[in-house]
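Below, each chain spelled out in residue letters.
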Amino acid sequence: MNKSTVLIIDDEASIQKLLQIILESHDFKVIQATSGLEGLKLAASYLPDVILLDVGLPDISGHEVLAQLKDWFSKSVIMLSVQNSENDIVAALDNGATDYLTKPFRTGELIARIRA
């Protein structure tokens, strides 16, 4: 059986490593990008099953990445952010995010949301 592929777009090395360990231990294939533009290129090249997208990126915001993805990417995009205001969450969901998790997040909850 083929592994589901998850693209992580996050500029924090510690978060990337944590997510990689968690996801690989649950039998996901992991691809990683540290900027929005790199993430868009990898999404187009690999067409992952799920994208974990940080809101705060060094080049363009996660919201801008989401806006560009929604034109052609039909699979799940889960936003990750330290921003937890209702306005931030609603804006991301209204703009096409499948889900929104605030950092720090619980491992089991993350895996369940990816599976959903």
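In case you missed it, the structure is sitting above this.
Residues numbered from 1 in each chain as written. Predicted model: local features only at pLDDT ≥ 70, side-chain atom pairs only at ≥ 80, totals over all residues. Heavy atoms only, no water.

(A) Structural detail: the environment of Val-50. Tracing the backbone shows Val-50 in strand S3 (residues 50–54). By relative accessible area, which is 7% here, Val-50 ends up buried. Separated by 49 residues in the primary sequence, Val-50 and Asp-99 have C-alpha atoms spaced 11 Å apart. For Val-50, the contacting residues outside a window of four places in its chain are Thr-5, Val-6, Leu-7, Ser-76, Ile-78 and Ile-114. (Helix = DSSP H or I, 4+ residues; strand = E, 2+ residues; numbered from the N terminus. Buried < 20%, exposed > 50% of the residue type's maximum accessible area, 1.4 Å probe, protein only. Contact = heavy atoms within 4.5 Å.)

(B) Representation of the nonpolar core in the model. The biggest cluster of nonpolar side chains holds 21 residues, and the ones touching the most others in it are Ile-51, Leu-53 and Met-79. Residue assignment for this core shows that the elements contributing at least two residues are strand S1 (5–9), strand S2 (29–33), helix H2 (36–46), S3, helix H3 (62–69) and strand S4 (76–81). Setting aside chain neighbours within four positions, we find Ile-51 in contact with Leu-7, Ile-9, Ala-43, Leu-69, Phe-73, Ser-76, Val-77 and Ile-78. With 17 residues, the next largest nonpolar core counts Leu-23, Val-30, Leu-52 and Ile-78 among its residues. (Core = buried A, V, L, I, M, F, W, Y, C linked by side-chain atoms within 4.5 Å.)

(C) Broad picture of the sheet that holds S3. Pairing within the open sheet is parallel, and its five strands lie in the order S2-S1-S3-S4-S5. At either margin of the open sheet sits one strand with a lone partner, and together these are S2 and strand S5 (99–102). Across the sheet, the axes of successive neighbouring strands diverge by a mean angle of 20°, strand direction being ignored. Relative to S3, S1 runs parallel, the two being bridged by four bridges. Among the inter-strand pairings, Ile-9 is bridged to a residue of S3, identified as Leu-53. Here helix H1 (residues 13–25) sits on the sheet and contacts S1, S2, S3 and S4; the angle it forms with S2, its principal contact strand, is near 165°. (Pairing = 2+ DSSP bridges. Axes fitted to C-alpha atoms, helices over the stretch in contact; angles between N-to-C directions.)

(D) Spatial organisation of helix H5 (residues 107–115). Within H5 the residues assigned to the buried category are Leu-110, Ile-111 and Ile-114. What you see down the axis of H5 is that its buried residues fit within an arc of 95°, all on one side. With respect to the buried face of H5, the exposed residues turned more than 90 degrees away are Gly-108 and Arg-115. Lining the buried residues of H5 we find H1, S3, S4 and S5. (Arc of directions from axis to C-beta.)

(E) Looking closely at the packing of aromatic side chains. Under the counting rule described, the total for this entry stands at one aromatic pair. Measuring from centroid to centroid gives 5.9 Å for Trp-72 and Phe-73, while their planes differ by 85°, and the two rings are edge-to-face. On the basis of relative accessible area, Trp-72 is assigned to the partly exposed category, the value being 40%. Given the relative accessible area of 9%, Phe-73 is considered buried. (Phe/Tyr/Trp six-rings, centres within 6.5 Å; stacked < 30°, edge-to-face > 60°.)

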